There are 2 protein chains.
Amino acid sequence: MSGPVFGRIDQTTMREGVYAQLHDAFTRGQFAPGDTLNLRGLAERLGTSMTPVREAVRRLVAEGALIDAPSRTLRVPDFDLRQMQDLKLARIALEPLVTGRAVERMDAATLEALEGILAEDTVDGKQAGMPDLAQNYRFHFTLYRRADSPVLLPLIAGLWLRYGPYLNLIMRHAGPEIGKGNDIHMTILDAARRGDAKAAQAGIVADIERSFSLLAEASEEQAGDDRMKRRARLTASPWPEQLSR
Amino acid sequence: MSGPVFGRIDQTTMREGVYAQLHDAFTRGQFAPGDTLNLRGLAERLGTSMTPVREAVRRLVAEGALIDAPSRTLRVPDFDLRQMQDLKLARIALEPLVTGRAVERMDAATLEALEGILAEDTVDGKQAGMPDLAQNYRFHFTLYRRADSPVLLPLIAGLWLRYGPYLNLIMRHAGPEIGKGNDIHMTILDAARRGDAKAAQAGIVADIERSFSLLAEASEEQAGDDRMKRRARLTASPWPEQLSR
DNA sequence: ATCTGTGATATGTGATCACAGTAGACGTTG
DNA sequence: CAACGTCTACTGTGATCACATATCACAGAT
């Protein structure tokens, strides 16, 4: 049989679409610890019925990004030092691993992509030093993806999902100071270019520890903010702009 | 206010019940690679409507224990060498980590529990060397739980979930020979008793590598079995007895 | 005999409804 | 004025229905 070549019809469900949007919002730090969600509200904003939202939310709960709070409410977990240390431990166990593999299998296309991502920041500096969490996410995951590790990558993505709300705290607290993160990213990229797996891994660990220490600072502030934040949540919509469109 | 002390009403949903049953079936190796499931059948067997089943199944898909096969069918993933190597890598990255922590924090109660689990096998040898996968699971996770690591433990549980169908293969292939696994478990328990974290970690790695090599053997056989298995699936119910009750 | 279109059957998906339960507002009572 | 009970609004949950779509068996044409 012959004829015109067709593009594949994307066989995507609404459930996946909803999940993707929520996942995005999380990794961008658009949810803060303590935020509450409700299914009907989400469904309305997303233009679907409750069903796909339920399933997406259920998945987020299973991944630990949301929790079932008492009295049938869904909440972004509050800050928890123990849990965060555990999260750091897991990241340090897994991310250097995939980094090593990625560097060993590195190719020109990926290097170029990584350069491009880092360059965005310099050019697109209109945000005036405002850290672009999505960019950070892209850098790490284009690197990790090169490891071609179908089991480890989703695991790491799950960890980042839970880091998201903390990133929100960091962002609010540290603000522009976060910009120097790109120094570390540069170092990692250089190591990847040289094929120096060890150096790249060390860079990743440094990056993780850096965000951890920033978070430790931010968390101290949160205790004071907490009461105010909770009050504000009652009046203002906790909804991140990304999803309201 | 005073009065009699009441036990907590367990606020459990059907969704969780369904998930627990399926999770159990997986870790016991009651599902084999390639098995297919359908929501209505599950719902009927479990005595619920489709809704809770859908959500539990969706979670299993998110965890990688099931996959969405073409034409709206749910399948237990087929054996995949690359995936399995990745799984092994992840296990070796995480399980020694929690083992180390567990040994450091070891207490008498946990040691006793571990002894008890290993003793079961010797006493309850009625299965004639038939490996009790549930017992294996309990041993590892009572050990790991002692690490008190709320992030890492679910991660590891997710990995085991995906190991389940492979265990099924091992069990079918290796049969009684698997009994010597307890030697390694003994070694691990001894190390835990002495507080020797390094030795316990080495034991865990040995255990993982052992099950991996058993699996490598079994996987060769699967290629031949495959055609037969697929035919059998059409006539016989793939349903594990555990769930039919 | 082989290929092809058609209908029946069965699947997951999404929408909708009824319901149990909680929290907070409000009125009542002491 | 404070403590208590009731009532209302809202939540997630589970059941059910309608639907698009894939597979298979079969009949018809070539």
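Everything below is about the structure shown above.
Keep in mind it's a predicted model, so treat the numbers as computed, not measured. (Residues numbered from 1 in each chain as written. Chains lettered and ligands numbered in written order. Predicted model: local features only at pLDDT ≥ 70, side-chain atom pairs only at ≥ 80, totals over all residues. Heavy atoms only, no water.)

In this structure, what is going on with the overall build of chain A? I would like to understand it.
Summing up its helical and strand segments, chain A has 10 helices and three strands in all. Carbon and sulfur atoms make up 53% of the accessible area of chain A, which amounts to about 12,600 Å² in all. (Helix = DSSP H or I, 4+ residues; strand = E, 2+ residues; numbered from the N terminus. Areas by Shrake-Rupley, 256 points an atom, 1.4 Å probe, with all protein chains shown as cover.)

What is the right way to read the sheet that holds strand 2 (residues 67-69) of chain B from this model?
Sheets are built from strands paired through backbone hydrogen bonds, the pairs being either parallel or antiparallel. Residues and elements named next belong to chain B. Strands sit in the order 1-3-2 across an open sheet of three strands; the sheet is antiparallel. In the strand order of this sheet, the two ends are held by strand 1 (36-37) and strand 2, each with one partner. Pairing of strand 1 with strand 3 (residues 73-75) involves two bridges; the strand directions are antiparallel. Note on strand 3: the bridge partner recorded for threonine 36 is arginine 75. (Pairing = 2+ DSSP bridges.)

How should I be thinking about the packing of helix 4 (residues 81-104) of chain A against helix 4 (residues 81-104) of chain B in this particular structure?
Helix packing geometry: the angle between the two helix axes and the distance between the axes. The N-to-C vectors of helix 4 of chain A and helix 4 of chain B enclose an angle of 145 degrees; their axes lie 11 Å apart at closest approach. Where helix 4 of chain A crosses over helix 4 of chain B, the handedness of that crossing is right-handed. Contacts between helix 4 of chain A and helix 4 of chain B involve A:Asp86, A:Leu89, A:Ala93, A:Leu94, A:Leu97 and A:Arg101 on the former and, on the latter, B:Asp86, B:Leu89, B:Ala93, B:Leu94, B:Leu97 and B:Arg101. Tallied by class, residues from the contact of helix 4 of chain A with helix 4 of chain B come to eight nonpolar, no polar and four charged. (Axes fitted to C-alpha atoms, helices over the stretch in contact; angles between N-to-C directions. Left-handed = near helix turned anticlockwise from the far one by under 90°. Contact = heavy atoms within 4.5 Å. Nonpolar A, V, L, I, M, F, W, Y, C, P; charged D, E, K, R; others polar.)

How should I be thinking about the side chain of B:His185 in this particular structure?
In this structure, B:His185 sits in helix 8 (residues 181-194). The residues contacting B:His185, other than those within four sequence positions of it, are B:Leu118, B:Asn136, B:Phe139, B:His140 and B:Asp207.

So what exactly am I meant to see when it comes to the protein's contact with DNA strand C here?
What surrounds DNA strand C is a group of 18 residues, the closest being A:Met14, A:Arg15, A:Ser49, A:Thr51 and A:Arg72. Of all atoms in DNA strand C that approach within 4 Å of the protein, 55% are sugar or phosphate atoms. The backbone of B:Leu39 places a nitrogen or oxygen atom 3.1 Å from a phosphate oxygen of DNA strand C. Counting residues per element, the ones that place at least two in the surface near DNA strand C are helix 1 (14-27) and helix 3 (50-62) of chain A together with helix 2 (39-46) and helix 3 (50-62) of chain B. Per-element tally for the surface near DNA strand C: the top contributor is helix 3 of chain B, with three residues. Each residue belonging to the surface near DNA strand C can be placed in one class, and the counts come to six nonpolar, six polar and six charged. (Near = heavy atom within 4 Å. Polar contact = N/O pair within 3.5 Å; in protein donor to acceptor, adjacent residues only side chain to side chain.)

Whenever I open this one, the relation of the copies chain A and chain B confuses me. Can you help?
For the pair chain A and chain B, the relating rotation is 180 degrees, the translation along its axis is 0.0 Å, and the fit reaches an RMSD of 0.1 Å. Here the symmetry operator amounts to a two-fold rotation axis. Take the interface residues of chain A: 100% of them recur as interface residues in chain B, which is what a same-surface contact looks like. (Least-squares fit on C-alpha atoms with pLDDT ≥ 70 in both.)

Just checking my understanding: could you explain the interface of chain A and chain B for this structure?
Interfaces are often sized by the amount of accessible area the parts lose when they come together. Contact residues are listed per partner, giving 25 residues for chain A and 25 residues for chain B. Between chain A and chain B the total buried area reaches about 2,300 Å² when both faces are included, carbon and sulfur atoms providing 60% of it. In this structure, the connection of chain A to chain B is made through six salt bridges. Residue A:Asp86 is joined to B:Arg101 by a salt bridge in which the shortest nitrogen-to-oxygen separation is 4.0 Å. Inspection of the region where chain A meets chain B yields eight residue pairs in polar contact (both at pLDDT 80 or more). Those elements that place two or more of their residues in the side of chain A that touches chain B are helix 3, helix 4 and helix 7 (152-174) of chain A. Counting residues per element, the side of chain A that touches chain B draws most heavily on helix 4 of chain A, at 10 residues. Looking at side-chain class alone, the side of chain A that touches chain B contains 12 nonpolar, three polar and 10 charged residues. (Buried area = accessible area lost by both parts, 1.4 Å probe. Salt bridge = Lys/Arg side-chain N within 4 Å of Asp/Glu carboxyl O.)

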